[in-house]
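# A closer look at the structure
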Amino acid sequence: TWFQAGFHELFWKKIVDKFRLGKDEQILLKTFIAFNLMQRMSKRYSNPHQERFYLRRLEKILIHL
């Protein structure tokens, strides 16, 4: 499920709705997620698809910050 198209956006919406996150809280959470993704990008992975996955997620998060 994690790698299915649209899952992350749905997951994000559910988190925002469940915890009733305001705009500032959403930005703070996205900043934390971006930092976490950058940490993951600093590692070497034997599977190049995994590296690209993290890079695409980071790009999507940064666009919405």
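Described in the following lines is the structure provided in the data block. (Residues numbered from 1 in each chain as written. Predicted model: local features only at pLDDT ≥ 70, side-chain atom pairs only at ≥ 80, totals over all residues. Heavy atoms only, no water.)

## What about the pattern of salt bridges?
We count it as follows: Any Lys or Arg side-chain nitrogen found within 4 Å of a carboxyl oxygen on Asp or Glu counts as a salt bridge. We count a stretch as a helix when DSSP gives it H or I for four or more residues in a row; a strand needs E for two or more, and each element gets its number in order from the N terminus. We call a residue buried when its accessible area falls under 20% of the maximum for its residue type, exposed when it is over 50%, and partly exposed in between, using a 1.4 Å probe and counting protein chains only.
The tally for this structure, following the rule as stated, stands at three salt bridges. As a salt-bridge pair, arginine 57 and glutamate 9 come within 3.6 Å of each other at their nearest N and O atoms. Of this pair, arginine 57 sits in helix 3 (residues 48-63) while glutamate 9 sits in helix 1 (residues 7-19), placing them 48 residues apart in sequence. Judged by relative accessible area, arginine 57 falls into the buried class, the value being 13%. A salt bridge links aspartate 17 to lysine 13, with the shortest nitrogen-to-oxygen separation between them at 3.1 Å. Separated by four residues within a single helix, aspartate 17 and lysine 13 lie in helix 1, roughly one turn from each other. Here the residues in one salt-bridge network are Glu9, Arg57 and Lys60, joined through shared partners.

## Brief notes about helix 1
Residues three or four positions apart in an α-helix share a direction because the helix packs 3.6 residues into each turn. Operational definition: Each residue after the first adds 1.5 Å to the expected span of a helix. What the arc measures is the spread of directions leading from the helix axis to the C-beta atoms. Working rule for contacts: check all heavy atoms of both residues, and any pair within 4.5 Å makes them a contact.
Over its 13 residues, helix 1 runs 18 Å from end to end, which matches the ideal 18 Å to within 8%, given 1.5 Å per residue. Taken together, the buried positions of helix 1 are occupied by His8, Trp12 and Val16. For helix 1, the angular spread of the buried residues around the axis is 70°, confining them to a single face. What points out from helix 1, more than 90 degrees from its buried face, is the exposed set Lys14 and Lys18. Where helix 1 is buried, its residues touch helix 2 (23-41) and helix 3. Looking at the residues trailing helix 1, positive phi occurs at arginine 20, about 50°.

## Examining the layout of surface pockets
What counts is decided by this rule: Only protein atoms enter the 1 Å grid used here, on which a cavity is any set of points holding a 1.4 Å probe that cannot leave and a pocket is any open set flanked by protein within 12 Å on both sides along at least five of seven lines; residues with an atom within 4 Å of a point are listed as lining. Grid points are joined across faces, edges and corners, and a volume is the space filled by probe spheres set on the points. Lys, Arg, Asp and Glu make up the charged group, whereas Ala, Val, Leu, Ile, Met, Phe, Trp, Tyr, Cys and Pro make up the nonpolar group; the residues left over, Gly among them, are polar.
For the largest pocket, the calculated volume is near 520 Å³. Of all the secondary-structure elements, those providing two or more residues to the lining of the largest pocket are helix 1, helix 2 and helix 3. Top element by residues in the lining of the largest pocket is helix 2. It accounts for seven residues. Here the residues of the lining of the largest pocket sort into 11 nonpolar, three polar and five charged.

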